[in-house]
Amino acid sequence: MTQTPYAPGSTIGILGGGQLGRMIALAAARLGYRCHIFTPETDSPAAQVSAACTVAAYDDRAALTAFAQAVDVVTLEFENVPVETLEFLAQTVPVRPGARALAVAQDRVTEKMFFNTFTETAPWRAVDSEADLVAAVAALGTPSILKTTRLGYDGKGQARIDAGTDLAEAWASIGRAPAILEGFVTFEREISVIVARAPDGTEEAYCPVQNEHRHHILDTTTAPAPIPDAVAEVAMDIARRAAADLDLVGLLAVEMFVTADGRVLVNEMAPRPHNSGHWTMDACYTDQFEQLVRAVCGLPLGSPQHRCGAVMRNLLGDDAHDWHTILSDPKARLHLYGKAEARPGRKMGHVIILSE
Ligand code: AMP
């Protein structure tokens, strides 16, 4: 196994072929690296801009073995890669971040327990049956939110519980799968922090940003978040502490709620680049994708400082067809992901407007 740093010219393996992989590969190419994508999807956004691609299932051992032998280091852009896939690859090649961070991120109960060792989250109860749900609602009250512990994203696998909600129906609506009930947080705003951590433990955090969702999908990110410095410091410390406790190498994004009285409650984390970090591509000295490449390759981390503020807006589904109008603002920074089919709600690209 080659020792770090992996010099430019090395090959970075990326699990997942979506837009995050595409933007990692573009940043890697700028620094002289090659990327090899592993994804079950053909013509994926990441493969379109990478040196090599393996199209295979995440449990295809033969394909994984060949992939591990063809790359120098592996990272991921997709959170639902099976933990066993990472463990299998790690027998042959360094995998950054490792299985632990992914395992915590994939299970909302494990994630809450992890964060509660050092900080606050919404109050919660594990729910494995309808009877558990009845008891959890009695304990936490309404409104509350029932979420499957695994494989939920963009609001899928969630049900809001109000005073009159039929609990049997709510339990059925999420597929009677292992779940968590969370007390509803009356937040003033939602923020996130992305931190990079290098193999030697060095960390660099981006400033907190404010996120607004529409239909449970990120709509806009405003950077920096308009919050007091003291609250920003608390949020950045939470992200740094989480990355250190997980001994993570790579990026960790932590989504948090800020209440009117300035409390910061963790919602969830992702051990990969994050949609709320896309603004860094045009506004920071080092963007999140380059920072990930630096971290996984053992290069010095770059400055996460922003040169100006920014607003990032996601282009979902047909929004991306407006590319011509968007480009008619000469200062708008348009990023498109090369996806052929603009299904409703699908992330097709984003646009960044920098503040003067
Ligand atoms: P999640 O899938 O956990 O990121 O939830 C999606 C969105 O639902 C969040 O970004 C919040 O806007 C909202 N949400 C999730 N959990 C809670 C909660 N416990 N209290 C209030 N709003 C929540």
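Residues numbered from 1 in each chain as written. Predicted model: local features only at pLDDT ≥ 70, side-chain atom pairs only at ≥ 80, totals over all residues. Heavy atoms only, no water.

(A) Quick peek at the domain arrangement of the chain. On domain assignment, one finds that the chain holds domain 1 (11-95), domain 2 (123-183) and domain 3 (189-355). Its C-alpha centre places domain 2 at a distance of 29 Å from the equivalent point of domain 3. Facing 5 residues of domain 2, the contacting portion of domain 3 comprises 5 residues. Across the domain 2 to domain 3 interface the summed buried area is about 340 Å²; carbon plus sulfur atoms make up 42%. Counting across the domain 2 and domain 3 interface gives 0 salt bridges. In this assembly, domain 2 and domain 3 are joined by 1 residue pair in polar contact (both at pLDDT 80 or more). (Domains from an automatic or database assignment. Contact = heavy atoms within 4.5 Å. Buried area = accessible area lost by both parts, 1.4 Å probe. Salt bridge = Lys/Arg side-chain N within 4 Å of Asp/Glu carboxyl O. Polar contact = N/O pair within 3.5 Å; in protein donor to acceptor, adjacent residues only side chain to side chain.)

(B) Broad picture of the site of the ligand. In the neighbourhood of the ligand, 16 residues make up the surrounding shell, with Lys147, Gln158, Val185, Glu190 and Glu268 lying closest. In isolation the ligand offers 470 Å² of accessible surface; the protein chains occlude 93% of this area. Looking at the shell around the ligand, the elements that each hand over two or more residues are strand S6 (144-148), strand S8 (179-183) and strand S14 (264-270). Counted by class, the shell around the ligand contains 6 nonpolar, 5 polar and 5 charged residues. Formed jointly, the shell around the ligand draws a minimum of three residues from each of two domains, domain 2 (123-183) and domain 3 (189-355). (Near = heavy atom within 4 Å. Areas by Shrake-Rupley, 256 points an atom, 1.4 Å probe, with all protein chains shown as cover. Helix = DSSP H or I, 4+ residues; strand = E, 2+ residues; numbered from the N terminus. Nonpolar A, V, L, I, M, F, W, Y, C, P; charged D, E, K, R; others polar.)

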